Amino acid sequence: MSDRIMGGVGLLLAAFFIWQATLIQESFISDPVGPKIFPIIIGGLVGLSSLAIFLKPDDEPEWPDFSRLFEVGLTVAVMVAYAYALPSAGFVVSTAVAAGYLSWRLGTPPVKAAVAGAVIAIGIYVVFHLILGLSLARGPWGF
Amino acid sequence: MDTLSALADGFSIALTFQNLGLALIGCFLGTIIGALPGLGPSNGVAILIPLAFTLGLPATPALILLTSVYYGAMYGGRISSILLNIPGDEPALMTTLDGYPMARKGMAGEALALSGIASFVGAFFATWGLVFLAPQLVKVALLFGPAEYFALFALAFATLGGIASKNQAKAALAAGIGLGIAMIGVDGQTGVPRFTFGEVHLYDGIDFLVAIVGLFALSEVFIFLEHRGTAKATGDASDIKLGRLTPPMSMLKQTVPTMARSTVLGFIAGVLPGAGASLGSFISYSVEKRLVDKNNTFGTGDPRGVAAPEAGNNAAAGGALVPMLALGVPGSGTTAVLLAMLLALNITPGPLLFTNNPDVVWGLIAALFIGNVMLLVMNIPMVSLFVRVLLVPPRYLMPAVAMISFVGIYGISGSTFDLMVMVFFGVLGWILRKLDVPLVPIILGVLLGNQMEANMRRAMTISDGDWSALFASPLSIGLWLFAFFGFILPIIAGRFFRPKFPRTDSEADPD
């Protein structure tokens, strides 16, 4: 079933891709092929292979149960929040929170996870910023 | 001997204090990365590229650092295979078959030392192969026009999909997705935006480093999150005694022919586009088993069963560099990542690299020889140090991996948008891995898409729109035939030939 869904999504994606390719604006000077043809060929490739997957699916993969899916989703949310927090809260604070959360969700007890998060954040800060001189996000406190 | 004098020049470049230091750091980091389950050559190198890039290292030192990591990871993968029965990366899978039984018999130290020596032999001779084969391939490649290059790219995708994957349709889909992603952004020849949906951030296209780190490194974090608390993510090396760390002479003598054969086979597997190190170790092991396994000792801790896959995968690692450097077409996942590194540094691999930047090529090759010796010296006496690293639990390791990925990408552009794209690719990589869609064709598509299109359009411009120009020269017809059969034959006959890996959704590392 999963493969059939993927094949279906792939077909829709291919159709969308080809449709978008036909909308590309041609410029008045162009080579014989132009900017549309190659994307349309790719769309055809995606469509054909999706059709093959749809018609001949593999065995069903093992999907995690709902709670695990929810957990993966929540982690994605944390990562997105992290990306937005970086410029405003600075590297060390946001990294400590995000790494601590990840470590907690991977099975570390809460207090230890908080410590691990702080250690990871400060460790990266020391190695990559202080020693190697990489520029990291600066927050209101400069770190 | 032009080649040898060029190699000597290479040594004079590699033997600076800085480059030796970088090679040492790279070998050390690489061994650790290879040994840790869940981190392998591709994602290890992928995480380090943005870092090497933002640190402002020039091309040669950066390449030396990363290829040392690549070679090191090939060495390191065996450690957890032998001690824990968990392959540290996919090429090390075959090493578990005899390595772990040897460790159970109390010969862990011998198995580690023997596999270290086999790795050295494989990598050392493969590097010599690289020295002599790559310049020959360059001579052929100089005859290539745009039509031939277009056919060559098609060949790379076809063999990658045909030989190295289980379901060809999925490999083709992956290649299409990758090529489609490459189309995003302003068209290089006419200057019109494509698939940007008015989003200014997309005008430059999707940065391949962002895609690579997301697909390889971040998806790994999700896999671990999903399998938390199950046996898969845990291992215990504390109860294994290492024993003596030198293999007896008789064991070495017994395995010499095995190493020789496996090196040759592995090197060939590596040179073929799309095959890579996993196939190298698989072929070496199966051929050895058929040739010398007279008493059915393979699978029960036969030293030859340890030497064969290790020599094979390290030889393939060297072989995979041949098409990457000489043609600009990578032969495996990790070399695709290394290609990304070169492109990020504004160096286009291919035949002209050998004439325009001989310092990069030969400095790199010399560094490979040096790194190899370092790895051998490092891996035999210091192996117990690396064993200790294995005891770091993933619940501390994976957060650090994720954060370092973010640091690397943020360091390139400082843009939140790129981090979003990376998270998107992480989720995409996780879903595709669940569905058994290989990730390497995606990366290859993202990397080569624009060049592939440019070559096609150049060929069309030369022929003034005549499509038969793509199949006009004998060279391009040969490449097309090779591509066609490389894709079709495995579908028909491949069931006998392809590695029958146990089905897992988390192919820790595609190469």
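See the structure above.
Q: Please give an account of unusual backbone geometry that cites residues and values.
A: Residue and element names in this part refer to chain B. Phi at asparagine 346 is positive, roughly 65°, even though this residue is not glycine. Within the secondary structure, asparagine 346 is located in the loop between α13 (333-344) and α14 (351-356). Here asparagine 346 falls in the exposed class, since its relative accessible area comes to 74%. Non-glycine residue aspartate 436 carries a positive phi angle of around 65°. Using a relative accessible area of 16% as the deciding quantity, one classes aspartate 436 as buried.

Q: How would you summarise the pattern of salt bridges if you had to cite specific residues and measurements?
A: Residues and elements named next belong to chain B. In the structure shown here, the tally under the stated rule is 11 salt bridges over all chains. Between aspartate 187 and arginine 194 there is a salt bridge, with its nearest N and O atoms 3.6 Å apart. The structure contains a network of salt bridges with shared partners spanning Asp187, Arg194, Glu453 and Arg457.

Q: Explain helix α6 (residues 108-141) of chain B to me, using residue names and the numbers behind them.
A: All names here are of chain B. Taking 1.5 Å per residue as the helical rise, α6 with its 34 residues ought to reach 50 Å, and the 46 Å between its terminal C-alpha atoms agrees with that figure. Within α6, the axis deviates most sharply at leucine 133, by approximately 30°, and proline proline 135 lies no more than four positions further along. Burial of α6 is extensive: 24 of the 34 residues sit out of reach of the surface.

Q: Got a sec to walk through the side chain of asparagine 379 of chain B? Specific residues and values, please.
A: Residue and element names in this part refer to chain B. As for its position among the elements, asparagine 379 is in helix α15 (residues 358-379). Using a relative accessible area of 2% as the deciding quantity, one classes asparagine 379 as buried. Once residues within four sequence positions are removed from consideration, asparagine 379 is found in contact with Thr31, Tyr75, Arg78, Ile79 and Phe386.

Q: Before we move on, could you go through the interface of chain A and chain B and cite the residues and values that matter?
A: Across the boundary between the two partners, chain A contributes 68 residues, which contact 66 residues of chain B. Both faces combined, the contact of chain A with chain B buries some 5,600 Å², and carbon together with sulfur accounts for 79% of it. The largest contributions to the chain A side of the interface with chain B come from Phe38, Met79 and Leu106 of chain A, which together make up 13% of the buried area. Linking chain A with chain B are two salt bridges, by the criterion used here. Aspartate 3 of chain A is paired through a salt bridge with lysine 170 of chain B; the nearest N and O atoms lie 2.8 Å apart. At the surface where chain A touches chain B, the tally comes to 10 residue pairs in polar contact (both at pLDDT 80 or more). Counting residues per element, the ones that place at least two in the side of chain A that touches chain B are α1 (2-22), α2 (37-55), α3 (66-89), α4 (91-105) and α5 (110-131) of chain A. For the side of chain A that touches chain B, the leading source of residues is α3 of chain A, giving 13 residues. When its residues are assigned to classes, the side of chain A that touches chain B shows 44 nonpolar, 14 polar and 10 charged.

Q: Break down the packing of helix α4 (residues 59-84) of chain B against α13 of chain B for me, with residues and values.
A: All names here are of chain B. Where α4 meets α13, the closest approach of the two axes is 11 Å, and the angle between their N-to-C directions is 170°. Overall, the two elements α4 and α13 adopt an arrangement that is roughly antiparallel. Note on element contacts: α13 touches α4 through Thr334, Thr335, Leu338, Met341 and Leu342, opposite Ala62, Leu63, Leu66, Thr67 and Tyr70. When its residues are assigned to classes, the contact of α4 with α13 shows seven nonpolar, three polar and no charged.

How each quantity is defined
Residues numbered from 1 in each chain as written. Chains lettered and ligands numbered in written order. Predicted model: local features only at pLDDT ≥ 70, side-chain atom pairs only at ≥ 80, totals over all residues. Heavy atoms only, no water. Helix = DSSP H or I, 4+ residues; strand = E, 2+ residues; numbered from the N terminus. Buried < 20%, exposed > 50% of the residue type's maximum accessible area, 1.4 Å probe, protein only. Salt bridge = Lys/Arg side-chain N within 4 Å of Asp/Glu carboxyl O. Expected span 1.5 Å × (residues − 1). Bend = angle between axes of the 7 residues up to and from the residue. Contact = heavy atoms within 4.5 Å. Buried area = accessible area lost by both parts, 1.4 Å probe. Polar contact = N/O pair within 3.5 Å; in protein donor to acceptor, adjacent residues only side chain to side chain. Nonpolar A, V, L, I, M, F, W, Y, C, P; charged D, E, K, R; others polar. Axes fitted to C-alpha atoms, helices over the stretch in contact; angles between N-to-C directions. Parallel < 35°, antiparallel > 145°, perpendicular 65-115°, else oblique.

Keep in mind that these numbers describe shape and distance, not what the molecule does.
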